[in-house]
Amino acid sequence: MSVQVVLLPVFVLIGLAFALLLGMAFARTKSLRSGETRFKDIALREPNWPVRATQIANCFSNQFEAPVLFYVLIALALPLRHADLVIVVLSWVFVLTRFVHAGIFVTSNNVPRRGMAWFAGVVVLMAMWIYFALRILLV
């Protein structure tokens, strides 16, 4: 697989993180400008942001949990030349689950639905790691 094909899902997932970062910054700036939140209320990272800003911030923060295991896997699979079609297809499925998860998180925030999307992503990620480990160990 070409480097571009392997890294495209990574770039798309990073794009999601940046979109959430910008959304969080916009929501927080709006809250500060409107006076809904005051600087002294959040100066020491107190959780005094309005619900919408907190919702987006928590979704952004979540992009540095399970996805880190995805990034590590790709960072290992690529130079070790074990990033094959299976890894790429599973990467896209994982990225899709992250978009579904984030979409639910920043809209309805239906926790059971969000949890199912998260769990689906974790199952795909675990399958990726098992596949990768077996390919390395059984060579």
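Because the structure is a prediction, the values reported are computed rather than measured. Residue indices begin from 1 for each chain and proceed along its sequence in written order. A pLDDT threshold of at least 70 governs which residues receive local features in this predicted model, and a stricter bar of 80 or more applies before side-chain atom pairs are shown or counted, although totals over entire chains, interfaces and linings include all residues. The basis for every side-chain value is the complete set of non-hydrogen atoms in the structure, without hydrogens or water.

Caption draft 1: Expanded view of the nonpolar core. Definition used in this section: a nonpolar core is a set of buried Ala, Val, Leu, Ile, Met, Phe, Trp, Tyr and Cys residues joined via side-chain atoms within 4.5 Å. Only protein chains enter the accessibility calculation, which uses a 1.4 Å probe; a residue whose area is less than 20% of its type maximum is buried, one above 50% is exposed, and one in between is partly exposed. Counting 32 residues, the largest nonpolar core has Leu13, Leu20, Phe70, Ile74, Phe94 and Met128 as its most contacted members. Sorting the residues of this core by element identifies α1 (3-34), α3 (51-62), α4 (66-77), α5 (85-106) and α6 (111-137) as the ones contributing at least two each. The secondary structure listing takes helices from DSSP runs of H or I that are at least 4 residues long and strands from runs of E that are at least 2 residues long, numbered from the N terminus.

Caption draft 2: Molecular detail of the packing of α3 against α5. Two numbers describe how α3 lies on α5: the axes approach to 9 Å, and their chain directions differ by 165°. In terms of orientation, α3 and α5 fall into the roughly antiparallel class. Two packed elements cross with a definite hand, and for α3 against α5 that hand is right-handed. Every residue of α5 that contacts α3 at Arg52, Gln55, Ile56, Asn58, Cys59 and Asn62 is listed here: Arg98, His101, Ala102, Phe105 and Val106. Axis angles are defined between N-to-C directions and span 0 to 180 degrees, where every axis is a line fitted to C-alpha atoms and, for a helix, only to the segment in contact. An angle below 35 degrees is read as roughly parallel, one above 145 as roughly antiparallel, one from 65 to 115 as roughly perpendicular, and any other as oblique. Crossing chirality is assigned from the near helix's rotation relative to the far helix, an anticlockwise turn below a right angle marking it left-handed and a clockwise turn marking it right-handed. Two residues form a contact once any of their heavy atoms are found within 4.5 Å.

Caption draft 3: Main features of the pattern of salt bridges. Between Lys or Arg on one side and Asp or Glu on the other, a salt bridge is scored when a side-chain nitrogen of the former is within 4 Å of a carboxyl oxygen of the latter. Under the definition given, this model contains two salt bridges. Arginine 38 is paired through a salt bridge with aspartate 41; the nearest N and O atoms lie 3.3 Å apart. Overall, arginine 38 belongs to the partly exposed group, its relative accessible area being 45%.

Caption draft 4: Representation of α6 in the model. For a helix, the expected span equals 1.5 Å multiplied by the number of residues minus one. End to end, α6 covers 38 Å across 27 residues, agreeing with the expected 39 Å (1.5 Å per residue, within 8%). Of all the residues in α6, the buried ones are Arg114, Ala117, Gly121, Val124, Leu125, Met128 and Phe132. Where α6 is buried, its residues contact α4 and α5. Polar contact is the term for a pair of N or O atoms within 3.5 Å; when the atoms are in protein, one must be able to donate a hydrogen and the other to accept it, and sequence-neighboring residues count only if both atoms are side-chain atoms. At the N-terminal boundary of α6, the capping side chain belongs to asparagine 110, with an oxygen 3.0 Å from the backbone nitrogen of arginine 113.

Caption draft 5: Inspection of unusual backbone geometry at higher detail. The backbone of arginine 45 shows a phi angle near 65°, a positive value even though the residue is not glycine. The phi torsion at asparagine 109 lies on the positive side, around 50°, for a residue other than glycine. Along the polypeptide, asparagine 109 turns up in the loop between α5 and α6.

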